[in-house]
Amino acid sequence: MPITAILGAQWGDEGKGKIAAQFSKSSDMCARFQGGPNAGHTLYVDGVKLVFRMLPCGILYNTCAVIGNGVVINPQMLISEVEKIQSYVPDILDRLVISNSAHVIFPSHIERDSHGHADTIGTTRMGIGPTYEDKIARIGIRTGDLLLPGIFDKISAESSHVINQFVEVFTNCFSDTSLLLRENLDRGLNVVAEGAQGALLDIDHGDYPYVTSSNTTTGAVLTGLGVGPRDIKAVYMVASSYMTKVGGGKFLTRAPASIEEFLQTKGDEIDGATNKMRACGWLDLCALRYAARVNQPDGLILTKLDVLSGLPEVRLVSNSGGTPHEHKLVGWSDDIRSVRRWCDLPKQVRHFISSVEEEINVRVVAISTGPETDSFLSQD
Ligand code: IMP
């Protein structure tokens, strides 16, 4: 059972990238299983900010990185992403394996995602929804199809140049990734499955229609990689210590302007994919309880606790009889970024964590206290 899944528990932007990278350090492989360039997983490596769109960020540490069949790929963006990461991973093309069943995003998909209904949802305008639409309608083009004779008859002249370049760069990367994973899982290798977006954006279980067009919860690991339930060793949900949201839809725990501004500024809450400022609010325990129900995690990892430092009071919001109820907790002023032992955390931070655990009945197995990869603490 060697797969560890890292899943977002909210509306994305929980800081999953850093957590997936942390787990990847001790794993053999990493894999993305859904979503596409609408994700923007940010990592700070030697002080440099790296944003991962389609590549799993464990590629920095693993010998093999998989882009699974459940992912949708923008060819031009993947070429650029690989070029950027190549200076950190010179043999990136030897380590990357792309499912030959992953669907390709074309300019026509982006065009369809740029007006009308997409505007109401507030999508990232990256063609994600239309590409999954064509997949479900059975008219999409997959990476493996790009190698078939006559395929260019189905591709617009506008796209041919990029597709040619894409095939040239990645031909040796296209593979049956479900088979590759099966062989490696059977050899006992460990895999980190890196989720994108979060439970509240899941096409089936999120706040429909204000959702993305893929499943983002536990089941998607299986369908998006072509593995079985017995391959999963652990599922960890990642949640930010406060809520953030980019697109449309309800946001019940949005904070008053002064608190929101504090969180936006201190948390650098600018969306990696769209460059939009994220709306911010207090941690919604009902949402977390719901995410735990649909994901059945083995544990929760709370991120961005350092951002709350300096607030005299912090709040957790639950729901009593349909009305949001705010629990007021004493805040903390200490900078916790350099704390490396659980027992050295201020008692208010530990109280915040244990209150979350009690309310959602999931153990907080670790926390992140800053953007750097080593600001990570496991609970004893
Ligand atoms: P789409 O995924 O581009 O179709 O956008 C659908 C909704 O999901 C919009 O509200 C987006 O802002 C949101 N969304 C998609 N990907 C992410 C993400 O990685 N982080 C946060 N929100 C996202």
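Residues numbered from 1 in each chain as written. Predicted model: local features only at pLDDT ≥ 70, side-chain atom pairs only at ≥ 80, totals over all residues. Heavy atoms only, no water.

(A) Seen up close, the overall build of the protein. Broken down by element type, the protein carries 13 helices and 18 strands. A compact globule built from 380 residues should have a C-alpha radius of gyration of about 21 Å, and the protein, at 20 Å, falls within 12% of that. For the protein, the C-alpha atoms occupy an extent of roughly 65 × 45 × 40 Å along the three principal directions. For the protein, the residues scored as buried account for 56% of the 380 residues in total. In the structure as shown, the protein presents an accessible area of about 15800 Å², 50% of it carried by carbon and sulfur atoms. When the 35 positive and 44 negative side-chain charges of the protein are each reduced to one mean point, those points stand 3 Å apart. (Helix = DSSP H or I, 4+ residues; strand = E, 2+ residues; numbered from the N terminus. Rg over C-alpha atoms; globule rule 2.2 N^0.38 Å. Buried < 20%, exposed > 50% of the residue type's maximum accessible area, 1.4 Å probe, protein only. Areas by Shrake-Rupley, 256 points an atom, 1.4 Å probe, with all protein chains shown as cover. Lys, Arg positive; Asp, Glu negative; His and termini not counted. Charge placed at Lys NZ, Arg CZ, Asp CG, Glu CD.)

(B) Representation of the side chain of Thr 253 within the structure. Positionally, Thr 253 belongs in the loop between β12 (242–245) and α10 (257–266). Accessibility expressed as a relative area gives 4% for Thr 253, which makes it buried. A polar atom in the side chain of Thr 253 sits 2.7 Å from the backbone oxygen of Trp 282. Those residues within four positions of Thr 253 in sequence are excluded, and the remaining contacts are Met 243, Gly 281, Trp 282, Asp 284 and Val 317. (Polar contact = N/O pair within 3.5 Å; in protein donor to acceptor, adjacent residues only side chain to side chain. Contact = heavy atoms within 4.5 Å.)

(C) Broad picture of helix α13 (residues 347–360). Taking 1.5 Å per residue as the helical rise, α13 with its 14 residues ought to reach 20 Å, and the 20 Å between its terminal C-alpha atoms agrees with that figure. Inspection of α13 places Val 349, Phe 352, Ile 353, Ser 355, Val 356, Glu 357 and Ile 360 among the buried residues, and these make up the whole buried set. Positive backbone phi, at 60°, marks Asn 361, one or two positions downstream of α13. (Expected span 1.5 Å × (residues − 1).)

(D) Just the nonpolar core, in detail. In this structure, Leu 55, Leu 78, Leu 96 and Phe 170 are the most contacted members of the largest nonpolar core, which totals 47 residues. Aside from chain neighbours lying at most four places away, what touches Leu 96 is Leu 55, Ile 59, Ala 65, Ile 67, Val 82, Phe 170 and Cys 173. Among the nonpolar cores identified, the runner-up in size contains 46 residues, and Leu 201, Leu 285, Leu 316 and Val 339 belong to it. (Core = buried A, V, L, I, M, F, W, Y, C linked by side-chain atoms within 4.5 Å.)

(E) Focus on the environment of Asp 94. Tracing the backbone through its elements, the reader meets Asp 94 in helix α3 (residues 92–95). On a C-alpha basis, the gap between Asp 94 and Ala 193 in space is 20 Å, while along the polypeptide they are 99 residues apart.

(F) Representation of the pattern of salt bridges. Applying the stated criterion to the full structure yields 20 salt bridges. Of the charged contacts, one joins Arg 182 and Asp 231 as a salt bridge, the two residues approaching to 2.9 Å between their closest N and O atoms. Remark: Asp 231 occurs in the loop between α9 (218–225) and β11 (232–240) and Arg 182 occurs in helix α8 (residues 177–186); sequence separation between them is 49 residues. Judged by its relative accessible area of 30%, Arg 182 is partly exposed. Its relative accessible area of 8% is what places Asp 231 among the buried residues. With a closest N to O distance of 3.1 Å, Arg 289 and Glu 359 form a salt bridge. Taken as a pair, Arg 289 in helix α11 (residues 285–295) and Glu 359 in helix α13 lie far apart in primary sequence, 70 residues in all. Via salt bridges that share partners, Asp 13, Glu 269, Arg 278 and Lys 304 belong to a single interconnected network. (Salt bridge = Lys/Arg side-chain N within 4 Å of Asp/Glu carboxyl O.)

(G) View of the packing of aromatic side chains. Under the definition given, this model contains 5 aromatic pairs. Three or more aromatic residues link up through ring pairs in this structure, and these residues are Phe 166, Phe 170 and Phe 174. (Phe/Tyr/Trp six-rings, centres within 6.5 Å; stacked < 30°, edge-to-face > 60°.)

(H) Focus on the site of the ligand. Taken together, 16 residues are adjacent to the ligand, and Asp 13, Asn 38, Thr 124, Thr 212 and Gly 247 come closest. The separation between an oxygen atom of the ligand and a polar main-chain atom of Gly 122 is 3.5 Å. A total of 470 Å² of accessible area belongs to the ligand in isolation, and the protein chains cover 97% of it. Taken together, the residues of the shell around the ligand sort by class into 7 nonpolar, 8 polar and 1 charged. (Near = heavy atom within 4 Å. Nonpolar A, V, L, I, M, F, W, Y, C, P; charged D, E, K, R; others polar.)

(I) Representation of the sheet that holds β12. Ordered by their spatial adjacency, 4 strands build an open sheet running β12-β13-β15-β16, and the pairing between neighbours is mixed. Strands at the two margins of the open sheet, each flanked by one partner only, are β12 and β16 (323–330). The average undirected angle you get between the axes of adjacent strands in this sheet is 45°. Relative to β16, strand β15 (residues 313–320) runs antiparallel, the two sharing 8 bridges. Directly across from Val 314, in β16, lies its bridge partner Leu 329. Of the strands in this sheet, β12 and β13 (279–284) touch α10, which is tilted by about 100° from β13. (Pairing = 2+ DSSP bridges. Axes fitted to C-alpha atoms, helices over the stretch in contact; angles between N-to-C directions.)

(J) Molecular detail of the sheet that holds strand β17 (residues 364–368). Spatially, β9-β7-β5-β2-β10-β1-β11-β14-β17-β18 is the arrangement adopted by the 10 strands of the open sheet, whose pairing is mixed. The outermost strands of the open sheet, each flanked by one partner alone, are β9 (174–175) and β18 (376–378). Pairing analysis gives 3 bridges linking β17 to β18, with the strands arranged antiparallel. Its bridge partner being in β18, Ser 368 is matched across the sheet by Phe 376. On top of the sheet, α8 reaches β1 (3–8), β2 (29–32), β5 (64–67), β7 (96–99), β9 and β10 (191–194); it is set at about 140° to β5, its chief contact. In the packing of α11 onto the sheet, the strands contacted are β1, β11 and β14 (299–303), and the crossing angle to β11 comes to about 165°.

(K) Region of interest: unusual backbone geometry. The omega torsion of the bond from Tyr 208 to Pro 209 falls at 5°, within 30 degrees of zero and hence cis. Positive phi is not limited to glycine here, since Asp 268 has a value of about 50°. Tracing the backbone through its elements, the reader meets Asp 268 in the loop between α10 and β13. Residue classification places Asp 268 among the partly exposed residues on the basis of a relative accessible area of 40%.

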